[in-house]
Amino acid sequence: MLVSTAELSDHLDDPNWIIFDCRHDLMDPAKGREVYEGGHIAGAHFAGVDQDLSGIKTGQNGRHPLPDPAAFAQFLQSKGLRPGCRVIGYDDVGGQYAARLWWMCRWIGWKDVAVLDGGWPKWTEERRPVLQDGPASSTGEVTVNLQPHMMVTAAEVEASLDDPSQQIFDARAPERFRGDVEPLDPIAGHIPGARNWFFKSNLNADLTIKSPSELREAWAAELGSIEPAQALHQCGSGITACVNLLAMETAGLTGSRLFAGSWSEWVGRSDRPVARGD
């Protein structure tokens, strides 16, 4: 699920490694494309969070709803993905956008996918190959084998609020979880009963992912008697929650699920309960 900068560097000329630049800025959505065009890992395609990793917004399905699986598969196929290929995603903020790509690939049944550990900052710090020109276009073959068990709907989250066998984990920063501030969504707070696990808790200072043993110890303590498959992950719009999913899978704690619409979908209806504070 993770690939090192050294390993990726060794495979830059491998046509079976398909690289995606997922850099994005929630406060400046055009920035991802701009920084990609200014320089990216050699051979990388651009994966726009708003365009390629999200679907059509209805006003009630969150800020980054999942796209139609066939449309996402077509995007991957248009970049040359085909059987036998490996997908690598990277970003510049600790993996939150690359983890979204990672989760979505697995969601449509593409298992050979990884996140570049340390991402763009580590790559450039090590002075590895960077280009401004995009890769040549090619045609691939991607068949959707949807894995619906990997996610939960808003209705299922509502039904789980009084279920002690399931636990919601909110990946947002603590001040947003508490409801002290809310820069992106119309209502501040969190889903009642959720616990705050800030996605950056999974990272080292250099934005690499902590070791499997460190992650397993931390997450096992947080889960307590809850099985990994009973953990439900959410954030603001289904992006940073994917880092928590990636961390648990890296730790060998498999089977947790994503509430893709997350807080932005939750508050899209005024009749859903909201909690504030710790």
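These numbers come from a predicted model, not from an experiment. (Residues numbered from 1 in each chain as written. Predicted model: local features only at pLDDT ≥ 70, side-chain atom pairs only at ≥ 80, totals over all residues. Heavy atoms only, no water.)

S.K.: Tell me about the overall build of the chain, residues and numbers included.
M.R.: For the chain, the count of helices and strands is ten helices and twelve strands. In terms of overall size, the chain behaves like a compact globule, its C-alpha atoms giving a radius of gyration of 18 Å where 278 residues would be expected to give roughly 19 Å. Structurally, the chain occupies a C-alpha span of about 50 × 40 × 35 Å along its principal axes. Counting over 278 residues, the chain shows a buried share of 51%. Sequence separation of at least 24 residues holds for 76% of the intrachain contacts in the chain that already meet a minimum separation of 6. Entry remark: accessible area of the chain is about 12000 Å², with carbon and sulfur atoms responsible for 48%. The average position of the 25 basic charges and that of the 38 acidic charges among the side chains of the chain differ by 1 Å. (Helix = DSSP H or I, 4+ residues; strand = E, 2+ residues; numbered from the N terminus. Rg over C-alpha atoms; globule rule 2.2 N^0.38 Å. Buried < 20%, exposed > 50% of the residue type's maximum accessible area, 1.4 Å probe, protein only. Contact = heavy atoms within 4.5 Å. Areas by Shrake-Rupley, 256 points an atom, 1.4 Å probe, with all protein chains shown as cover. Lys, Arg positive; Asp, Glu negative; His and termini not counted. Charge placed at Lys NZ, Arg CZ, Asp CG, Glu CD.)

S.K.: Give a detailed account of unusual backbone geometry, specifying residues and quantitative values.
M.R.: Phi is positive for Arg127, close to 55 degrees, though the residue is something other than glycine. Take Arg127: it is sitting in the loop between helix H5 (119–125) and strand S7 (130–131). In this structure, Leu207 is a non-glycine residue whose phi angle is positive, near 70 degrees. Relative to the elements of secondary structure, Leu207 occurs in the loop between strand S10 (195–196) and helix H8 (212–223).

S.K.: How would you sum up the sheet that holds strand S4 (residues 45–46)? Please name residues and give values.
M.R.: One open sheet holds the five strands; their spatial order is S1-S6-S5-S2-S4, and the pairing between them is parallel. On the outer flanks of this sheet lie strand S1 (2–3) and S4, each paired with one strand and no other. (Pairing = 2+ DSSP bridges.)

S.K.: Quick rundown of empty space enclosed by the protein? Include the residues and the values.
M.R.: Using a probe with the size of a water molecule, rolled over the atoms, empty space left in the structure can be pinpointed. Under the criterion given, the structure shown has one cavity of 30 Å³ or more. Lining the largest cavity are Tyr90, Asp91, Gly94, Gly95, Ala98, Val115, Leu116, Asp117, Gly118, Gly119, Leu207 and Ile209. Among the residues making up the lining of the largest cavity, the classes are represented as six nonpolar, four polar and two charged. (1 Å grid on protein atoms, 1.4 Å probe; cavity = no way out; pocket = protein on both sides within 12 Å on 5 of 7 lines; lining within 4 Å. Points joined across faces, edges and corners; volume = space filled by probe spheres on them. Nonpolar A, V, L, I, M, F, W, Y, C, P; charged D, E, K, R; others polar.)

S.K.: Outline the packing of helix H3 (residues 69–78) against helix H4 (residues 96–107), listing residues and values.
M.R.: Close contact between H3 and H4 brings their axes to 11 Å; oriented N to C, the two are set at 110 degrees. What the angle tells us is that H3 and H4 run roughly perpendicular. Crossing of H3 over H4 shows left-handed handedness. Of the residues in H4, those in contact with Pro69, Phe72 and Leu76 of H3 are Leu101, Met104, Cys105 and Trp107. Residue composition of the contact of H3 with H4, by class: seven nonpolar, no polar and no charged. (Axes fitted to C-alpha atoms, helices over the stretch in contact; angles between N-to-C directions. Parallel < 35°, antiparallel > 145°, perpendicular 65-115°, else oblique. Left-handed = near helix turned anticlockwise from the far one by under 90°.)

S.K.: Report on the sheet that holds strand S11 (residues 231–234), specifying residues and quantitative values.
M.R.: As summarised here, the arrangement of the five strands in space is S8-S12-S11-S9-S10, forming an open sheet in which the pairing is parallel. Each of the sheet's edge strands pairs with one partner strand only, and the pair in question is strand S8 (151–152) and S10. Bridge count for S11 against strand S12 (residues 257–259) is two bridges, and the pairing is parallel. Bridge pairing links Leu232 to Arg257 in S12. Against the sheet, helix H9 (residues 241–250) makes contact with S11 and S12, and its axis sits at roughly 145 degrees relative to S11, the strand it touches most.

S.K.: Outline the layout of surface pockets, listing residues and values.
M.R.: Considered as a void within the structure, the largest pocket measures approximately 430 Å³ in volume. Residue composition of the lining of the largest pocket, grouped by class: 13 nonpolar, five polar and six charged. The volume enclosed by the second largest pocket comes to roughly 240 Å³. Taken together, 16 residues form the lining of the second largest pocket, with Pro15, Trp17, Ile18, Gly43 and His45 sitting closest to its centre. Ranked by residue count, the leading element in the lining of the second largest pocket is strand S2 (residues 17–21), at three residues. Its residues assigned to classes, the lining of the second largest pocket comprises eight nonpolar, four polar and four charged.

S.K.: I'd love a proper account of the pairing of S2, names of residues and values included.
M.R.: With five of five residues buried, S2 lies mostly within the body of the structure. The alternating pattern of S2 places Trp17, Ile19 and Asp21 and Ile18 and Phe20 on opposite faces, both of which are buried.

S.K.: So what about the packing of aromatic side chains? Which residues, and what values?
M.R.: Under the definition given, this model contains eight aromatic pairs. Plain terms: the ring middles of Phe72 and Phe75 are 6.4 Å apart, the flat faces sit at 25 degrees to each other, and that makes the pair stacked. Of this pair, Phe72 and Phe75 are both found in helix H3, three residues apart, which corresponds to roughly one turn of the helix. On the accessibility criterion, Phe72 (0% relative accessible area) is buried. Geometrically, the ring pair formed by Tyr90 and Trp120 is stacked, given 6.2 Å between the ring centres and 15 degrees between the ring planes. Here Trp120 lies in helix H5 and Tyr90 lies in strand S5 (residues 86–90), a separation of 30 residues in the sequence. Taking relative accessible area as the criterion, Trp120 reaches 15% and is therefore assigned buried. An aromatic cluster is defined as three or more aromatic residues linked by ring pairs; in this entry it consists of Phe20, Phe72 and Phe75. The ring of Trp17 has Arg86 sitting right over it, with the charged end atom 5.1 Å from the ring centre. The positively charged end of Arg272 is found above the aromatic ring belonging to Trp266, 5.5 Å away from the centroid. (Phe/Tyr/Trp six-rings, centres within 6.5 Å; stacked < 30°, edge-to-face > 60°. Lys NZ or Arg CZ within 6 Å of the ring centre and 35° of its normal.)

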